[in-house]
Amino acid sequence: MNDCLFCKIIKGEIPSTKVYEDEFVYAFLDIDPQAPFHAVIVPKIHIKSTDEISGENSMYIAKIFEAVAKIAKYENLENGYRVVNNCGVDGGQTVGHIHFHLLARRNLQWPPG
Ligand code: AMP
Ligand code: ZN
């Protein structure tokens, strides 16, 4: 847990550009943006991936989606956006602390690559 990149970002031990924060959630700009607006939203507890969501911690996931709605309003994303969660190797997860990408301000294609 001490080695977790996103836990360090939440604690301020690694710098980030904050987009939103509350008691449950921290959101910051992705260092390698895949869209003109690309934020990463994480719970303030260490949950490894979607595989570890349970009745004990799912409130944090609900809080993440509440944060998405707030960020979308604040950032004027009225044209729409995409929320992405990568889980595990095949899902393309590279950081082992559950997170949701919020991508916006370009016309995103479907299906993704
Ligand atoms: P994933 O591939 O879904 O695990 O996403 C991890 C994301 O974290 C990638 O989009 C990275 O660009 C992003 N990322 C990694 N390190 C940092 C950092 N120090 N600050 C901001 N974003 C980061
Ligand atoms: Zn963590």
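These remarks concern the structure in this document. (Residues numbered from 1 in each chain as written. Chains lettered and ligands numbered in written order. Predicted model: local features only at pLDDT ≥ 70, side-chain atom pairs only at ≥ 80, totals over all residues. Heavy atoms only, no water.)

Our focus in this paragraph is the pairing of strand 3 (residues 37-43). Buried residues dominate strand 3, accounting for seven of its seven residues. Note: strand 2 (residues 25-29) against strand 3, five bridges, orientation antiparallel. When the bridges of strand 3 are listed, leucine 29 appears paired with alanine 39. In terms of strand pairing, strand 3 meets strand 5 (residues 100-104) through five bridges, oriented antiparallel. Residue pairing across strands places alanine 39 opposite leucine 102, the latter belonging to strand 5. (Buried < 20%, exposed > 50% of the residue type's maximum accessible area, 1.4 Å probe, protein only. Helix = DSSP H or I, 4+ residues; strand = E, 2+ residues; numbered from the N terminus. Pairing = 2+ DSSP bridges.)

Here we come to the site of ligand 1. Near ligand 1 lie 15 residues; those nearest to it are Asp30, Asn86, Thr94, His99 and His101. For ligand 1, a nitrogen atom lies 3.1 Å from a polar atom in the backbone of isoleucine 31. Side-chain polar atom of asparagine 86 to an oxygen atom of ligand 1: 2.8 Å apart, as the coordinates give it. When ligand 1 sits alone it has 500 Å² of accessible area, and the protein chains cover 83% of it. Looking at the shell around ligand 1, the elements that each hand over two or more residues are helix 1 (5-11) and strand 2. Broken down by element, the residue count for the shell around ligand 1 peaks at three residues, all from helix 1. (Near = heavy atom within 4 Å. Polar contact = N/O pair within 3.5 Å; in protein donor to acceptor, adjacent residues only side chain to side chain. Areas by Shrake-Rupley, 256 points an atom, 1.4 Å probe, with all protein chains shown as cover.)

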